[in-house]
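Structural overview
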Amino acid sequence: MTTATEAEAMRNILQFMKLIGQLKRVPRTGWVYRNVKQPESVSDHMYRMAMMSLTITDPTLDKNRCIKLALVHDMAECIVGDIAPADNISKAEKHRREEEAMRHLTDLLPEGLKQEIYGLWEEYETQSSSESKLVKQFDLLEMILQAHEYEELEGTPGRLQEFFDSTIGHFHHPDVLQLVSSLNEARGCHMAKTAEAKNSGNSHTSAAEVAQSHTS
């Protein structure tokens, strides 16, 4: 038989699940500001970061902790939204809002889980562990990978260069550096192919114009 206390605990967990479900409907602000069609959600972003954490092979790092950090680090955005630098909100104020949101969210959970999730969020915010530092790099890597994918989908190579520029000097882990190198290589190939196709199209147009001029 379920007690009143247990029933209340289940209602709180359900409310927690509903709140974090909002992350599926919170678009990533950076893409909204750059007029990307159908921009990814915060939940999309965190999922791929968790998968990046799952693929890490560094034996000195706790893979499971990295996955948890990835899943928790933007959780507060289900309440405060995705605050971007362009919003002109100070880092201190952003942190205050997110801390308040995390306390509200975790207060809905049993004590042990409450401490774990809030502790993970705080660990990421303070960058106090090797795992949190790696996940921060995954945060930036996922962003530029998504930027590259949008450029490919739009056929606009280089349009989102500012996102790549913002990450310069922030990648340090050998595995991440290799992934960034592979990404830059793929992006370079896309730019070259797009330029080649454009030049080829211009050449065909020119030839057609010449032919037309000869028959007129």
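Residues numbered from 1 in each chain as written. Predicted model: local features only at pLDDT ≥ 70, side-chain atom pairs only at ≥ 80, totals over all residues. Heavy atoms only, no water.

1. Focus on the UniProt feature "domain: HD" (unreviewed entry) in the protein chain
Operational definition: UniProt positions are given in the numbering used here, feature names are shortened, and annotations may be inferred rather than shown by experiment. Under the DSSP-based scheme used, a helix requires at least four consecutive residues in state H or I and a strand at least two consecutive residues in state E, with every element numbered from the N terminus.
Following the UniProt record, one finds the feature "domain: HD" (unreviewed entry) at residues 42–144. For residues 42–144, the helix share is 73%, the strand share is 0%, and the end-to-end C-alpha distance is 15 Å.

2. Comments concerning a nonpolar patch on the surface
We count it as follows: Here a patch means residues that are over 30% exposed by relative accessible area and free of salt bridges, tied together within 9 Å if like-charged and within 5 Å if nonpolar (Val, Leu, Ile, Met, Phe, Trp, Tyr). A 1.4 Å probe and the Shrake-Rupley method give the accessible areas. Residues count as covered only by the protein chains that appear here. A pairing counts as a salt bridge when a side-chain nitrogen of Lys or Arg comes within 4 Å of a carboxyl oxygen of Asp or Glu. Any residue under 20% of the maximum accessible area for its type is buried, any over 50% is exposed, and the rest in between are partly exposed; the area is computed with a 1.4 Å probe on protein chains only.
A cluster of nonpolar side chains, Tyr-47, Met-51 and Leu-54, forms an exposed patch at the surface whose accessible area comes to about 300 Å². Inspection of the secondary structure puts Tyr-47 in helix 3 (residues 42–55). Assessed through its relative accessible area of 55%, Tyr-47 is described here as exposed.

3. Focus on the nonpolar core
Under the convention used in this document: Side-chain atoms within 4.5 Å are what join buried Ala, Val, Leu, Ile, Met, Phe, Trp, Tyr and Cys residues into a set we call a nonpolar core. Only heavy atoms matter for contacts: two residues are in contact if any of them lie within 4.5 Å across the pair.
In this structure, Trp-31, Met-102, Phe-138 and Leu-141 are the most contacted members of the largest nonpolar core, which totals 47 residues. The element best represented in this core is helix 8 (residues 130–154), accounting for 9 residues. Beyond its immediate stretch of four places on either side in the chain, Met-102 contacts Val-72, Met-75, Ala-76, Ile-117, Tyr-118 and Trp-121.

4. Topic: helix 6 (residues 91–106)
Our working definition: Helix span, as expected, comes to 1.5 Å for every residue beyond the first. Note that the arc is computed from the directions linking the helix axis to the C-beta atoms.
Between its first and last C-alpha, helix 6 extends 22 Å over 16 residues, near the 22 Å set by a 1.5 Å rise per residue. Along helix 6, the residues classified as buried are Glu-98, Ala-101, Met-102, Leu-105 and Thr-106. Projected down its long axis, helix 6 shows its buried positions confined to an angular sector of 120 degrees, all on one face. Opposite its buried face, helix 6 presents the exposed residues Ala-92 and Glu-100, each directed more than 90 degrees away. Where helix 6 is buried, its residues meet helix 1 (4–21), helix 4 (63–72), helix 5 (77–80) and helix 7 (111–126).

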